[in-house]
Amino acid sequence: MKKIESKLLLWIALIAILIFASVPLWHINLNTARPQTHVVKKKHKKVVHKVTWGYPFKKLYEKKIKFKSGQKFGETDVIRRYYPTKSYFHDGYDFGFSEVGHSTVYAVHAGTVHKVKYTPGLGLYVWVISKDGYVEIYQEGFLSITDIYVKKGQKIKLGQKIGRLTGSHIHLGITKTDKDYIDKHGVPCHYYWKDNGTWLNPMKIIEDDIAKGKASKS
Ligand SMILES: [Zn+2]
């Protein structure tokens, strides 16, 4: 009889040990379920947008300028007033000195200076090609070569000093390397009269990028 009793006790003890031993297993199961909820949370986390575009003038960060004297991108009535029968498409954005002052011009996007040249119509211009395929032309605003601070082949960063606006306005043109933007004379102004997608709206690109950066931070 005693032998059977002790055997029974042994079984009870064994079962009790098994039950207690399995308790941590339930915890492990709960813990393994948790990381899955972390993954779901991560999906909702905002990715911070890195701003790669900027204004060409410091003043534009300080206040919203309406640019009444300068000509905006696209179909404006400025040229129409003078040439009513001709196309009135404007292939860039003009920043007038009366609004931004005769002040420093900053690079709106990082890139490499492809050319610094003078050509009638564009005046002295800075032609920048960016790694992401964008092309930026700063034209008409530099009266003297000493007003330009960068040279051919130079790598420039966003916000780097390009030169100084000394003329009545600077015209900023933005296109892409895969577009047919170079004319037969090698000047980066092909289709300046035509709204065919070659020339993009510079202020839209800049402001959309800055806004995206602000939204991702908030
Ligand atoms: Zn212009």
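Within each chain, residues carry numbers counting from 1 in the order of the written sequence. In keeping with the predicted nature of the model, local features appear solely for residues at pLDDT of at least 70, side-chain atom pairs appear and are counted solely at 80 or more, and the whole-chain, interface and lining totals rest on all residues. In computing side-chain values, all of the structure's heavy atoms are included and hydrogens and water are not.

(A) Geometry of the overall build of the protein chain. Only DSSP runs of H or I with at least four residues qualify as helices, and only runs of E with at least two residues qualify as strands; both kinds are numbered from the N terminus onward. Scanning the protein chain from N- to C-terminus turns up 5 helices and 10 strands. With a 1.4 Å probe rolled over the protein chains alone, any residue whose accessible area is under 20% of its type maximum counts as buried; one over 50% counts as exposed, and the rest are partly exposed. Within the protein chain, buried positions represent 37% of all 218 residues. For the protein chain, the proportion of contacts with a sequence separation of at least 24, taken over those separated by at least 6, is 66%. Total accessible area on the protein chain is roughly 14500 Å²; 61% of this is exposed by carbon and sulfur atoms. Contacts were defined at the residue level, with two residues in contact if any of their heavy atoms lie within 4.5 Å. Per-residue and other accessible areas follow the Shrake-Rupley method at a 1.4 Å probe size, with only the shown protein chains counted as cover for residues.

(B) Spatial organisation of the pattern of salt bridges. A pair is scored as a salt bridge if a Lys or Arg side-chain nitrogen falls within 4 Å of a carboxyl oxygen belonging to Asp or Glu. In this structure the tally under the stated criterion is 2 salt bridges. Residues glutamate 207 and lysine 64 are paired through a salt bridge, measuring 3.5 Å at the closest nitrogen-oxygen approach. Of the two residues, glutamate 207 sits in helix 5 (residues 202–217) while lysine 64 sits in the loop between helix 2 (59–62) and strand 1 (74–75), which places them 143 residues apart along the sequence. Among the salt bridges present, the one from aspartate 208 reaches lysine 204, with a minimum N-O distance of 2.6 Å. With a gap of 4 residues between them, aspartate 208 and lysine 204 both fall in helix 5, about one helical turn apart. On the basis of relative accessibility, which here comes to 40%, the residue aspartate 208 falls in the partly exposed class. On the basis of relative accessibility, which here comes to 48%, the residue lysine 204 falls in the partly exposed class.

(C) Geometry of the side chain of histidine 169. Within the secondary structure, histidine 169 is located in strand 10 (residues 169–176). Assessed through its relative accessible area of 18%, histidine 169 is described here as buried. A polar contact is formed between the side chain of histidine 169 and the side chain of glutamate 140, at a distance of 2.9 Å. Definition of a polar contact: a pair of N or O atoms within 3.5 Å, with one able to donate and the other able to accept a hydrogen when the atoms are protein atoms, and with sequence-neighbouring residues admitted only if both atoms are side-chain atoms. At a separation of 2.9 Å, a polar atom in the side chain of histidine 169 contacts the side chain of serine 168. With near-sequence residues (within four places) excluded, histidine 169 lies in contact with Asp94, Phe95, Gly96, Phe97, Gln139, Glu140 and Gly141.

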